[in-house]
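# Structural overview
As a plain string of letters, each chain reads:
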Amino acid sequence: MDEDGSRQSASRRFSSHFGLPRLTPSRVLALLGGAVAVQMLPGLPPTWISVLVAGLASTLLFLRASNRAPIWFVLGLAWTLLRAHAALDARLPTELHGRDFDVVGTIHGLPEVQSRSTRFAFDIESATLDGERVALQGLSRLNWYDHAPELPPCSRWQLRLRLRPPRGLVNPGGYDSERGAVQRGVVAVGYVRDAQANHLLDHAPGICIDQWRGKIANAISHRLGGDPASALLRALAVGDQQGIDDDQWQVLRATGIGHLIAISGLHVGMLAAFGALLARLLWKAWPRLTLRIPGPLLEAPVAMACATGYGLLAGMGVPTMRTLLMIAIALLARFTRRSTSMGQGLALAALAIVAWDPLAVLSAGFWLSFVGVAVLLSVTRPVGVERVWWREIPRLQLILSLALLPMSVWFFGQGSLIGPLANLIAVPWVSLLVVPITVAGSLLIVDVPTLGGPLLELADVLLKALWQLMQWMAALPSAQIYFAAAPIWAFVLALLGVGWMLMPRGVPLRLFGLALLVPMLIPRASPLATGEFEVWMFDVGQGLSMFVRTREHTLLYDAGPRYPSGFDIGDAVVIPSLHALGSDHLDRMLISHGDSDHAGGAKAVHLAFPEASIESGEPERLAVTASACRSGESWVWDEVSFRIVSAPAAGVSKSNDRSCVVLVSGASGSLLLTGDATSHVEPEIAEVMGKMRISRPLVLSVPHHGSKTATSAQFLDAIDPQLALVSAGYRNHFGHPHGDVKARLAERGIALLNTADAGYLYLRFGPAGGVPELGREARLAWWRMH
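Residues numbered from 1 in each chain as written. Predicted model: local features only at pLDDT ≥ 70, side-chain atom pairs only at ≥ 80, totals over all residues. Heavy atoms only, no water.

### A short note on the overall build of the protein chain
Counting its regular elements, the protein chain contains 27 helices and 24 strands. In terms of overall dimensions, the protein chain is globule-like: its C-alpha atoms have a radius of gyration of 30 Å, near the 28 Å expected for 786 residues. Principal-axis analysis of the C-alpha atoms gives the protein chain an extent of 105 × 75 × 65 Å. Looking at the protein chain as a whole, 49% of its 786 residues qualify as buried. (Helix = DSSP H or I, 4+ residues; strand = E, 2+ residues; numbered from the N terminus. Rg over C-alpha atoms; globule rule 2.2 N^0.38 Å. Buried < 20%, exposed > 50% of the residue type's maximum accessible area, 1.4 Å probe, protein only.)

### A few points about the packing of helix α2 (residues 25–38) against helix α4 (residues 69–90)
Remark: α2 packs on α4, axes separated minimally by 7 Å, with the N-to-C direction vectors making an angle of 40°. Of the possible angle classes, the one that applies to α2 and α4 is oblique. Crossing of α2 over α4 shows right-handed handedness. Residue-level inspection shows Arg27, Ala30, Leu31, Gly33, Gly34, Ala35, Ala37 and Val38 of α2 in contact with α4, the latter providing Ala69, Trp72, Phe73, Leu75, Gly76, Leu77, Thr80 and Leu81. Grouping the constituent residues of the contact of α2 with α4 by class yields eleven nonpolar, four polar and one charged. (Axes fitted to C-alpha atoms, helices over the stretch in contact; angles between N-to-C directions. Parallel < 35°, antiparallel > 145°, perpendicular 65-115°, else oblique. Left-handed = near helix turned anticlockwise from the far one by under 90°. Contact = heavy atoms within 4.5 Å. Nonpolar A, V, L, I, M, F, W, Y, C, P; charged D, E, K, R; others polar.)

### Comments concerning the packing of aromatic side chains
Within the structure shown, the criterion is met by 15 aromatic pairs. Ring geometry for Trp500 and Phe512: centres 5.5 Å apart, planes at 65°, overall edge-to-face. Of the two residues, Trp500 sits in helix α18 (residues 488–501) while Phe512 sits in the loop between α18 and α19 (513–521), which places them twelve residues apart along the sequence. Residue Trp500 is classed as partly exposed on the basis of its relative accessible area, which comes to 28%. An aromatic cluster is built from Trp536, Phe547 and Tyr762, whose rings are joined through pairwise contacts. Positioned above the aromatic ring of Tyr730, the side-chain terminus of Arg167 is 3.8 Å from the ring centre. (Phe/Tyr/Trp six-rings, centres within 6.5 Å; stacked < 30°, edge-to-face > 60°. Lys NZ or Arg CZ within 6 Å of the ring centre and 35° of its normal.)

### Looking at the sheet that holds strand β17 (residues 640–646)
The strand order β16-β17-β18-β19-β20-β21-β22 describes an open sheet built from seven strands, whose pairing is mixed. Of all the strands in the sheet, just β16 (634–637) and β22 (751–754) have a single pairing partner and so form its edges. Within the sheet, the average angular offset between the axes of one strand and its neighbour, ignoring direction, is 20°. The pairing of strand β20 (residues 698–701) with strand β21 (residues 723–726) spans three bridges and is classified as parallel. Paired with Ser701 across the two strands is Leu725, which belongs to β21. This element, helix α23 (residues 682–690), spans β17, β18 (661–666), β19 (669–673) and β20 of the sheet and lies at about 140° to β17. (Pairing = 2+ DSSP bridges.)

### A closer look at helix α16 (residues 419–445)
Here α16 contains 27 residues, and its C-alpha end-to-end distance of 33 Å is more than 12% below the 39 Å for a straight helix at 1.5 Å per residue. Considering bend angle alone, the principal kink of α16 is centred on Val430 and spans about 45°. (Expected span 1.5 Å × (residues − 1). Bend = angle between axes of the 7 residues up to and from the residue.)

### Remarks on the sheet that holds strand β23 (residues 761–765)
Taken together, the eight strands give an open sheet; going across it, the order is β15-β14-β13-β12-β11-β10-β23-β24, and neighbouring strands pair in mixed fashion. Bordering the open sheet on either side are β15 (627–628) and β24 (773–774), each of which pairs with just one other strand. As defined by bridge partners, strand β12 (residues 554–557) adjoins strand β13 (residues 588–591) across three bridges and the pair is classed as parallel. Across the sheet, the residue bridging to Leu556 is Met589, located in β13.

### What to know about a nonpolar patch on the surface
Taken together, the side chains of Met40, Trp410, Ile488, Trp489, Val492 and Leu496 define a hydrophobic patch exposed on the protein surface, amounting to about 610 Å² of accessible area. In terms of residue count, the dominant contributor to the nonpolar patch is α18 (four residues). One can find Ile488 in helix α18. (Patch = residues over 30% accessible without salt bridge, like charges linked within 9 Å, V, L, I, M, F, W, Y side chains within 5 Å. Areas by Shrake-Rupley, 256 points an atom, 1.4 Å probe, with all protein chains shown as cover. Salt bridge = Lys/Arg side-chain N within 4 Å of Asp/Glu carboxyl O.)

### Section: the side chain of Asp460
Inspection of the secondary structure assignment puts Asp460 in helix α17 (residues 449–474). Accessibility expressed as a relative area gives 6% for Asp460, which makes it buried. Those residues within four positions of Asp460 in sequence are excluded, and the remaining contacts are Leu224, Asp227, Ala229, Ser230 and Leu233.

### As for the packing of helix α8 (residues 246–255) against α17
In contact at an axis separation of 9 Å, α8 and α17 are set at 70° when each is read in the N-to-C sense. As summarised for this structure, α8 and α17 are arranged roughly perpendicular, according to the angle between their axes. Residue-level inspection shows Gln248, Val251, Leu252, Ala254 and Thr255 of α8 in contact with α17, the latter providing Trp467, Met470, Gln471, Met473 and Ala474.

### Concerning a negative patch on the surface
Where like charges cluster on the molecular surface, the negative patch consists of Asp245, Asp246, Asp247 and Asp571. Mapped onto the elements, Asp247 comes out in helix α8. (Lys, Arg positive; Asp, Glu negative; His and termini not counted. Charge placed at Lys NZ, Arg CZ, Asp CG, Glu CD.)

### Focus on the pairing of strand β1 (residues 99–113)
Alignment of β1 against strand β5 (residues 156–164), held across eight bridges, turns out to be antiparallel. Following the sheet pairing, Thr106 is matched in β5 by Arg156. Here nine bridges tie β1 to strand β2 (residues 117–129), and the two strands are oriented antiparallel to one another. Each bridged residue has a counterpart across the sheet, and for His108 the counterpart in β2 is Ala121. Remark: three residues form the turn of the hairpin made by β1 and β2, two consecutive strands paired antiparallel.

Now the structure itself:
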C-alpha cells in the first residue's frame, strides 16, 4: 500500500507539472502572432537557432507552469522561421541564373495557351546541369514560346529549361512577386529551350483531376463560343481565369466582386451547406438510415464530400485548401458531438493552417477570409432572435465592408464605394443561383452534354443579367478609389478604429473610431516647397519609366514595356506606383520615343489618367494619340523649369535618336531625362545645355540603359553630372549597363545607381539634399533577393 501510494503520489506530482497543452483562442492568437512577427524581419537568423528555439518552446508547452501565450508566440515564430529557411533553400541559387537545365517533371494545373506562347506551371522532380545532378525540386513558372506542343495536365516531360531565380521588381506600389513566389512555393522561373531533348515521357499516370478540369473548360468554351460570359463561367466552374480580359477585370475591381469570380471560400462553403441539406433530405426521406447513426451526424461527411469535390474541380489551390481545412474542423466538431464556441472554432482552424503552412500569413486571402468569417460570426444575431432578413443582410454587408476596409487598402491600395451595394446584389445571385447551376452543368457537360449544356446556358443567362448591372455600376463616377501607401502604424490604428466601431451598443464614442482611420485613408505626405521637385525611377526591368513631381504638378516620362505575352508594365507597375505615391492626377505624359520598352505601357496609363496631355518624339508609333515634342519647348511648374533640349530633327531616322530629351531644373538641382538618345545626338544636347544656367547637382538618367552607343566621354565631360541613374533588367542579355560606360563614370567619380540591383530609385531635389532611396533597401524583407 505504501509503495502504491508513493507511486500514485509521484504520478500526481508528475501530472501537476506536465500535461498536454491546452488550446485556447488567446494562445492560438499568440501562435499566429509569432508567424506574423517573422514577416517583419529583414533577414533570417541561422537555421540552428530556429531549431533550438522550436525544440525549447515545444518542450515548455508540456510544462503546466510555462504553458502560457508567450511560449506559443515563440513556437509560432520558430516554426515559421524553419519553414521560411526551407523556402529560401529550395529556390534556385543566384549563381545559377540563366543556366540551361535538363529537368524531368509534371505539368501542374491548366496551361494558358496564348497566340505566341504557352504559360504553364511545372513541378520539377529532378534536374541536371552539364550532366551533373543538382538539388532543384519544386514548382516552376515557365513559358514555351513559338510552336509549343499540346501540354496535357499531369503529363510528365523531359525539358531543357533556361531558368532563373524568381526575382521580381520592387516598386512603391504593385504586386510583390518575390513574396508571392515564397508563399506559393515557386523555386524558379524561365522558359523552354528549343532542343531535341524536349519530349513527352508519360501521359497523365493514374487519376488526373486537372485533365478532367481541362476537358470541362474546353467543353464550356465550345458550348458557349466566344461569349464574354463564358470566361467568367470557366473561372467559376474550374478556376480557369485565363480568358478574363482586362475590361472584365476592371469591372470586377471597380465593383469589389472579384472574390466571387475566384473560387472563394464563400462558394466552397455554399457547396458544403448544399451537401448538408442533401443529407438532411435523405435521412428524413429514409428514416431507417438513422437507426445506427443520428441523422444530423450523416450531414457532416456528405457536406465535406461536396466541398472537397468542388475544391478538386476548382484546382485545389492554396486558398481553397485553407477553406476546406476550416470546414473540416467545424464539421469534425459536429460529427464528434463536441460543442465548440466561435472563438474555439476559429482558433482550431488557425492552428491547423499555421501548422500546415505558416507562410500562408503572407497571403491577403488568408487575412480577408479569417477576418471576414470572424466578423460575420461575431455580429450575426443568436439563433432564436427574431430577424427581418431584408434588414439583416444589408446590415451584415455594411459591417463586413467596414471591417475589411483597412485590409483592402493595406494589401491592394484601393477600395470600391459601390462595393457594399454591388456585393449585396451579386453575392446571393452568384452563390445561390449561378454557382450551383454552373457546377451541375460542368459535371454533366462532358459525358451528358444534352443535360449539362442547357444548365450552362441558363447559368450564362443569369450571369449576363448580373454582369450588365455590374458594368453600369462600375461606370459610375468614383466607383473605384485609390489610396496612397500608408505606414504600418496607420494600419494598426485603422484596425483599432474598426474594432472600436464594431463594439456592441452601449460602448461610448463608437463613432470616434472613424478618426483612427484617417491616417491610413489620408496619409500625410512630406510637402514640397516651391522650387523643389522629386523623382522616382521605377523598377520596370529592361525599360524606362520615371515620375517627376513638383509641389502641385506631375510628369510621367516613359511608361515601361508591354511584352508580347500581354504583360503590361504600365498596368502592373506604373499605375499602382502612381496610386501608392498618392498621385490621383497626371498633368503630362512624355514618351521619349516609340520603342516598346519605353512606350508599351502608355495606353494603360492613358486609360487610368485620361486627363494627361501626351507628347512623344515618335507620336506616330504610339498606341495612343499624342503630339510631337518640339526642341526648345519649355514650361514652369511651381518655379521648377522644364525644357525639351533635344527632339527629332530633319534627317534623323534612327528611332533612338528621335528620343525627346528633357531637362528639369529646380532651385536645388537638375535632372536630365534622355530616353534612348545615342552619342550621335549627345553633342547637340551638350551644346544646348552649355548655353543654359543649370542648377547643381546634375543627375543624369543614363541614355539607352547604359548601352555602349551612348554616354560618351565627351558628353560626360561637357555636362559634368554628379550622379547617374540607369534603368535596366537584372542580368539582361544586352549586358546593360556596358562595362565601358561604367568605367567612364567611375573614372570621373560619378556614382551609378542601377534599378536592376537597387529596385526603384527615389531622389528629392531640395535644400536639404538627401541620400537616394533604394527600393530593395527601403522595402527590405527576408524573402527579398539581392
